[in-house]
Structure formats: C-alpha cells, structure tokens
There are 6 protein chains.
Amino acid sequence: MSDDPTPRAREVIFGSQQDRIQQRLDDLDPDLGGYIRDFAYDTVYDRPGLDLKSKELIACALLTSLGSPPELRTHIRGAMNAGATEGEVRGALMMCVPYLGFPRTVAAFEVLRQHLER
Amino acid sequence: MSDDPTPRAREVIFGSQQDRIQQRLDDLDPDLGGYIRDFAYDTVYDRPGLDLKSKELIACALLTSLGSPPELRTHIRGAMNAGATEGEVRGALMMCVPYLGFPRTVAAFEVLRQHLER
Amino acid sequence: MSDDPTPRAREVIFGSQQDRIQQRLDDLDPDLGGYIRDFAYDTVYDRPGLDLKSKELIACALLTSLGSPPELRTHIRGAMNAGATEGEVRGALMMCVPYLGFPRTVAAFEVLRQHLER
Amino acid sequence: MSDDPTPRAREVIFGSQQDRIQQRLDDLDPDLGGYIRDFAYDTVYDRPGLDLKSKELIACALLTSLGSPPELRTHIRGAMNAGATEGEVRGALMMCVPYLGFPRTVAAFEVLRQHLER
Amino acid sequence: MSDDPTPRAREVIFGSQQDRIQQRLDDLDPDLGGYIRDFAYDTVYDRPGLDLKSKELIACALLTSLGSPPELRTHIRGAMNAGATEGEVRGALMMCVPYLGFPRTVAAFEVLRQHLER
Amino acid sequence: MSDDPTPRAREVIFGSQQDRIQQRLDDLDPDLGGYIRDFAYDTVYDRPGLDLKSKELIACALLTSLGSPPELRTHIRGAMNAGATEGEVRGALMMCVPYLGFPRTVAAFEVLRQHLER
C-alpha cells in the first residue's frame, strides 16, 4: 500500500480486517463474496470522481437509512481510515435527522458510541 | 451574502429560489414551513463539523434512498451551489448502487439528467 | 347509515365513492378487490377496540411512511368523514416529522393541500 | 407538573424514566439529545391540535413501519401513560396489517408482549 | 391431510412446527393469529395460479427486503419443504443484489448460513 | 437467439427493446449503463441455479416493494417473455399482500393493468 499512490478503497476501508471480512463473505456464498470484492469495491468504489472520505461518509448515511448496524460500524471505521474526523462522522450521521427522522439517527449514533468505546 | 464569511446553508442551497421555496412550504402549513427553516436548515444544516458540500452530497444520497425526485433535484442544485462538480454529484449518486441497488439509483440519475438539461 | 348504530368502516371512509373505488379494485383483480373489502375493511377495520377516527389518522400516518399519494388522499377524506377536523389531520401528519423526517411529511402535506383545494 | 394543566408531552410519555432517557441521548451526542428534547418533544409533540394519546398511537404505528423495537416499547408505554388502554394499543398496531403486511406487525406485537410481561 | 393431493400451504411450509408457530402467534394476539392462518395462509397462499415453491422463493426475497431474519429463516425452510434446492434458494436471495443492494442481501445469506448449520 | 441454447437473460427480458433501454441507461451515465449490463444482467442474472422465469417473478415482487412503476412494467413484460403466464404474474404480485400490505400491491396491479391494456 505504501508505494501505491492510490490504494484500493477496500484496503483503506477494511485495513487489517480485510482478509477476515472477505473470508466471511466468501463463506456466505463465494459468488456473493466475489461480487462485493470485484464489483462493489474494485469497480464502484474505485471509480474516480469523488474522494474516498466523501464516499464513506455517504455510505454511513445510507447504512443509517437501511438500519444495518454491523455494516454501519464497518464504514464508520472506514470513513475514519479514509481521513474523516469523529466530528465529520457525527456531521454525516446528523444529516439523517432532517431526511430520515430521529429513530434511525439515534440507532446510528448508538453504533458510533459502540465503535468509539471499543 | 458577499460580506458574510459563513452564509446560512439555505441561502447557498436555494439561492435565488429561497423565497419561493419557503413560501410554498409555509402555504402547506406555517408550522411545517417554520420547522424546516428554523430547525432543519438554521439548526441542523448550520451546525458546524462538516462542510456544506459534503452535507449536500449526503442529502442527495439520502433522497435517492427515499425516492423523492423533487427534493433530490433541489439538493442536486444545492450541492452544485455549494461547490460540487457534476462529477462529484455523479460519484455521490453512484454510491447508491452497492447500498440500495439499481432501481433507486437509475431514478436518481434520471433526476440529474433533467436538472442538467433544463 | 342513519339507523345503523355501527356502520361499516368502508361506508364511512369511502362515502359516496364506495362503489366506484370497489369497482376499480375489482377491475385490477377480483381476488385483490375481495381481499380488501372482506379482510382489510370488513375484518381488520371493523374489529372493535379503537374508534374509526383514530384508525384513519393512523392510516394517514402509515400512508405518509409508504409515500402513496392516492391512498393518502382517500384516507385524509376518510379521517374527516369519520369526524377528524382539519387540525387533527394536520396533527397526525406532523407526527411524521420526528419519525420519518421532512421529505415524506412535505409530500403528505402536499396531498392535504390538493384535497382541501379541490 | 402537578399545577400545570398541560404537562409537557415528554413528562407524560417518559414519566419517571425521563432523566435516564435524556441522559442516554445526550451521551450519544449532546446536539442530538438537545434536538430531540427541544424540537421533537417541546416543539412538535407539544404543538396543539391533536391529543397526546392519539399522537402516541400514531407514534406506535410509525415505529412499527420503521422496525425500531426499543423506541416502539418506549412509545407503547408512552401511549398507555397518555391514557390509551391495552385494547387501543392493540387496535393501533393491528392497523399496520393492511398497510404494512404481517412481518412488521408481528414484530410489533412481540414488543407489546415483552412490555406487558415485564 | 393424507388423502388430499394438495395439502394446505401452511402444512408444507411449517411442517412439524405448525402448531408451535400458530400457538406463538395466537399468544401475541388471537385476532392476529387468526388473520395469519385464515387470511395470509388459507386464503392468499392457497390461492391457485402459482406453485408453492415459487411463492416461497418470492417470500424469501420479500423478507430480505423487509430485513426480518426470523421470518426469513422460517420461509427458507418453507421453500425447501416445498421442493426448492439450496441452489434455488441461493438464486432467489442473489436476485436481491441488483434490486436492493448488498447490505440487505448479505444479511439474508447470513440467515441462510445459520439455517444450514443448525 | 434461436440457435443459442441459453440466450442472455437481458435478450429474453428486453426483447426488441434491448437497444433502446441500454441506450437510455448509457445516456444517464455510461458507467451506470455498463454496470447494469455487465454486472446486473450478464453476471447476476446469468448466474446459473435458478430459472429465468422464477428470477423475473422475484424481480416483480421486489419492484413492488420498491414502488418503482417503470421498472416493474419492464419486468412484468420480462417475466412473460421468460414464459410466465398472466396468472403466474398475478400470483407473484399477490404474494406481496401478506408481506407488504395492500397499498404497494394495489400500485403493482395498476402497473399490470396498464401493461395488459397497452
């Protein structure tokens, strides 16, 4: 990663957890695991046009809309790995208040709290 | 606006349409119009911690998840008023593919097309 | 309706439009039309335990969550037919602000506006 | 609270749990906790036009649509604190059957069962 | 049941668990339990026009969209009881990738894994 | 198509409209159009394990859950192109009643009606 000026998004997002996460997805279904690696990450995420930090802050908001706590936690960590401060993550989650209301947003801040307390 | 170092988010987002949009909301219900101006914009949006361009790109993604074409169009324009390039807006909408699937994303790009063709 | 101490919910909700609405549903699919009449209205709606006005205010809120303008309009009229004031309907829709956020709520007030202006 | 003919909605809904709940929300994020207290409760909930019992029955239905068990449990208790009978709460949840289908409704009745068995 | 060439859908889907599941639903609310048995199963599911295996594969996809793990597990078992192979269930869940995105689909494959490992 | 024992899913689903639909998607965004063709259709849809008719009936149910009328119409036609009878399409849409409730299902049957009347 050090010599590569643009590391793959999944290397930054998952960091040292990359192999463990990929293995877990492959165990669920090898085709599904491959789609996530080759399409979601190496195609959509690695598409130029928007910086990775912004992509991950958007991912955090979308996962708040879906109510998916484990994935949200992964991408809160991913946003910070991509350079977001805690304040920027809080700012991204707070944008869900006017668009999605309070219950989904409170659930997302609960995930953030668990991540910060780990 | 020029002398003010931090204009209100709603001034940037709505630009010359601000009075028209606020009037339309007030006509629906004066309390609702007030909540949107005083709480959604002047409290949540104006909260520091994340830049306005990032907030608007997140808004575009959340409105894609909600399937709300008129509001999405307002905030595509708002994102660009806040400094986002067309490429960054496309990047924000494209992040909806892995998280929300294709139908919601295609509908959002249709709104972008209408905005660009106006 | 006057002599019947407890008219069927669908008679109150739909009023003079009952036959037209039922015909439209039967034309879509006779089984579907029958399910809505016999199960949704004559079984679930006519179940005792909660007054019809409250049921219709709840229906208005749920249809706001679903983003279903035509059905929402039918049940705004139904809530008023069941005794709700305009202020109570506005109060029911406004409860969607903290739970669902602004875009869905604004869309619902737009349907209310169209109903009141008819 | 005793002398005030119209206590604040959050005093009725949360009862003796009010301080604990507010503290938990403030711990997640002080701005978020403040928005919920000052805007969601002291502005939207305390807006006149609809009685608190009806507001809470609507909240129960909306939380069924969102699939948010902890908040649903809080507002089932809140509806009863505001004067709703168990039968009225069952009636409100049952309205979710025709609008949202069975899985969301069954999950809501499971929350009611846990509340009643506490 | 033995002489009937077309057993009721709920007998096939629930198999030996039928009484336990029905009792659990009746305990939540006797009306709700009755609606599920008499309307959802004995009316909608038993309606001719589509084979039971296809109905259950569709149910698995819809429960993936709802994010309802316990019901999804019941209907993964139901699909297999109705003749679906593991490969067909995987194929049904995989169809959620293009329509709903990855987070909901990964959650569904997690339920499948738990079912297969039981 | 006649000599090919397993034509591509998108050839069957779109039939003579394939070029027009692909052009419309490419015009929205060339990357998005490519993702739909190469990933959604030529990878996920063409994955073996489930027959195309079942995949399209599932697609119709998922598009009912999303409330996406234009895509639903495309895949109602696609299901029929893949061999589904009108009765099977009605059966697939009817499965949405117990899982999603009536408003989404009625909207889907409205799309079916428009398709059959064209």
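What counts and what doesn't
Residues numbered from 1 in each chain as written. Chains lettered and ligands numbered in written order. Predicted model: local features only at pLDDT ≥ 70, side-chain atom pairs only at ≥ 80, totals over all residues. Heavy atoms only, no water. Helix = DSSP H or I, 4+ residues; strand = E, 2+ residues; numbered from the N terminus. Rg over C-alpha atoms; globule rule 2.2 N^0.38 Å. Buried < 20%, exposed > 50% of the residue type's maximum accessible area, 1.4 Å probe, protein only. Contact = heavy atoms within 4.5 Å. Areas by Shrake-Rupley, 256 points an atom, 1.4 Å probe, with all protein chains shown as cover. Least-squares fit on C-alpha atoms with pLDDT ≥ 70 in both. Buried area = accessible area lost by both parts, 1.4 Å probe. Salt bridge = Lys/Arg side-chain N within 4 Å of Asp/Glu carboxyl O. Polar contact = N/O pair within 3.5 Å; in protein donor to acceptor, adjacent residues only side chain to side chain. Expected span 1.5 Å × (residues − 1). Domains from an automatic or database assignment. Phe/Tyr/Trp six-rings, centres within 6.5 Å; stacked < 30°, edge-to-face > 60°. Lys, Arg positive; Asp, Glu negative; His and termini not counted.

- Per an unreviewed UniProt entry, the recorded name for chain A is Carboxymuconolactone decarboxylase-like domain-containing protein, and the organism is Deinococcus caeni.

1. Structural notes on the overall build of chain A
So, step 1. Scanning chain A for helices and strands turns up eight helices and zero strands.
So, step 2. Helices and strands appear in chain A in the N-to-C order α-α-α-α-α-α-α-α.
So, step 3. The C-alpha atoms of chain A give 14 Å as radius of gyration, which agrees with the globular expectation for 118 residues (13 Å, within 12%).
So, step 4. By its C-alpha atoms, chain A is 40 × 30 × 30 Å across when sized along the principal axes.
So, step 5. Burial status across chain A gives 60% buried among its 118 residues.
So, step 6. Expressed as a percentage of contacts within chain A between residues at least 6 apart in sequence, the contacts between residues at least 24 apart total 57%.
So, step 7. Split by element, the accessible area of chain A, about 4600 Å² in all, is 48% carbon and sulfur.

2. Quick word on the relation of the copies chain F and chain E
Copy one and copy two of the chain differ by a rotation about a common axis and a shift along it.
So, step 1. Once chain F has been moved 0.0 Å along the axis and rotated by 180°, it coincides with chain E to within an RMSD of 0.0 Å. A rotation of that kind, with that shift, is consistent with a two-fold axis. No C-alpha of chain F approaches the rotation axis more nearly than that of Ile-58 of chain F, which lies at 2.6 Å.
So, step 2. The residues that chain F uses at the interface reappear at the interface of chain E in 100% of cases, marking a shared surface.

3. Let's talk about the relation of the copies chain A and chain D
So, step 1. With an RMSD of 0.0 Å, the operation that places chain A on chain D is a rotation of 120° combined with a shift of 0.0 Å along the axis. What we have between these two chains is a three-fold relation. Distance from the rotation axis, computed per C-alpha, reaches its smallest value in chain A at Gly-67 of chain A: 5.2 Å.

4. Quick notes on the interface of chain F and chain E
So, step 1. Between chain F and chain E, the contact holds 31 residues from the first and 32 residues from the second.
So, step 2. Summed over both partners, the interface of chain F with chain E comes to about 2600 Å²; 80% of that surface belongs to carbon and sulfur atoms.
So, step 3. Connecting chain F to chain E are zero salt bridges.
So, step 4. Connecting chain F to chain E are four residue pairs in polar contact (both at pLDDT 80 or more).

5. Description of helix α5 (residues 69-81) of chain E
Residue and element names in this part refer to chain E.
So, step 1. With 13 residues, α5 should reach 18 Å at 1.5 Å per residue; the first-to-last C-alpha distance of 18 Å fits that figure.
So, step 2. By the burial criterion, the buried members of α5 are Glu-71, Leu-72, Thr-74, His-75, Ile-76, Arg-77, Gly-78 and Ala-79.
So, step 3. Looking one or two places after α5, you find Gly-83, whose phi comes out positive at around 110°.

6. A word on the interface of chain A and chain D
So, step 1. Taken together, the contacts link 11 residues of chain A with 14 residues of chain D.
So, step 2. Summed over both sides, the interface of chain A with chain D buries roughly 1100 Å², with 71% coming from carbon and sulfur.
So, step 3. Counting the surface chain A buries against chain D, the share from its top three residues, Phe-102, Pro-103 and Val-106 of chain A, is 46%.
So, step 4. At the boundary of chain A and chain D, one finds two salt bridges.
So, step 5. Here Arg-90 of chain A makes a salt bridge to Asp-29 of chain D, at a shortest N to O gap of 2.9 Å.

7. Topic: the domain arrangement of chain A
Residue and element names in this part refer to chain A.
So, step 1. When the domains of chain A are assigned, the result is domain 1 (1-48) and domain 2 (51-118).
So, step 2. For domain 1 versus domain 2, the distance between C-alpha centres works out to 19 Å.
So, step 3. The interface is formed by 12 residues belonging to domain 1 together with 10 residues belonging to domain 2.
So, step 4. Both faces considered, domain 1 and domain 2 share a buried interface measuring about 760 Å² in area, 54% of it formed by carbon and sulfur atoms.
So, step 5. Interface area lost by domain 1 to domain 2 is led by Val-12, Ile-13 and Tyr-45, which between them contribute 64%.

8. Examining the pattern of salt bridges
So, step 1. All chains considered together, the criterion is met by 72 salt bridges over all chains.
So, step 2. In this structure, Asp-31 of chain B engages Arg-47 of chain D in a salt bridge whose closest nitrogen and oxygen atoms are separated by 2.6 Å. A residue pair is termed interchain when its members come from two chains, as with Asp-31 of chain B in helix α3 (residues 30-45) and Arg-47 of chain D in the loop between α3 (30-45) and α4 (52-66).
So, step 3. Asp-31 of chain B gets classed as partly exposed once you look at its relative accessible area, which sits at 32%.

9. A closer look at the packing of aromatic side chains
A ring pair, where both rings are aromatic, is described by two values, the distance of the centres and the angle of the planes.
So, step 1. Evaluation of the coordinates by the stated rule reveals 27 aromatic pairs over all chains.
So, step 2. Taking 5.3 Å as the distance between ring centres and 90° as the angle between the ring planes, the aromatic pair formed by Tyr-35 of chain C and Phe-39 of chain E counts as edge-to-face. In this pair, Tyr-35 of chain C sits in helix α3 (residues 30-45) while Phe-39 of chain E sits in helix α3 (residues 30-45), so the two residues belong to two different chains.
So, step 3. The class for Tyr-35 of chain C is buried, based on a relative accessible area of 9%.
So, step 4. For the pair Phe-14 of chain F and Tyr-41 of chain F, a centre-to-centre distance of 5.1 Å together with 70° between the ring planes defines the contact as edge-to-face. Here Tyr-41 of chain F lies in helix α3 (residues 30-45) and Phe-14 of chain F lies in helix α1 (residues 9-14), a separation of 27 residues in the sequence. Here Phe-14 of chain F and Tyr-41 of chain F have matching classes, each one buried.
So, step 5. Aromatic rings pair up to connect Tyr-35 and Phe-39 of chain A, Phe-102 of chain B, Phe-102 of chain E together with Tyr-35 and Phe-39 of chain F into one cluster.

10. Regarding helix α6 (residues 86-94) of chain F
So, step 1. Burial of α6 of chain F is extensive: seven of the nine residues sit out of reach of the surface.
So, step 2. Considered for burial, the residues of α6 of chain F that qualify are Glu-88, Val-89, Arg-90, Gly-91, Ala-92, Leu-93 and Met-94 of chain F.

11. Digging into the side chain of Arg-77 of chain E
Residues and elements named next belong to chain E.
So, step 1. Locating Arg-77 in the fold gives a position in helix α5.
So, step 2. Summary of buried charges: Arg-77 has no salt-bridge partner, and the nearest side chain of opposite charge, Glu-56, is 8.7 Å away.
So, step 3. Discounting residues that sit within four places of it in the chain, Arg-77 has contacts with Gln-17, Ile-21 and His-115.

12. Quick look at the environment of Tyr-99 of chain C
So, step 1. Its place among the elements puts Tyr-99 of chain C in helix α7 (residues 96-100).
So, step 2. With relative accessibility at 4%, the residue Tyr-99 of chain C sits in the buried group.
So, step 3. In this structure the C-alpha to C-alpha distance between Tyr-99 of chain C and Ser-65 of chain C, which are 34 residues apart in sequence, comes to 9.2 Å.
So, step 4. For Tyr-99 of chain C, the contacting residues outside a window of four places in its chain are Leu-100, Gly-101 and Pro-103 of chain A together with Tyr-41, Tyr-45, Glu-56, Ala-59, Leu-62, Leu-63, Leu-66 and His-75 of chain D.

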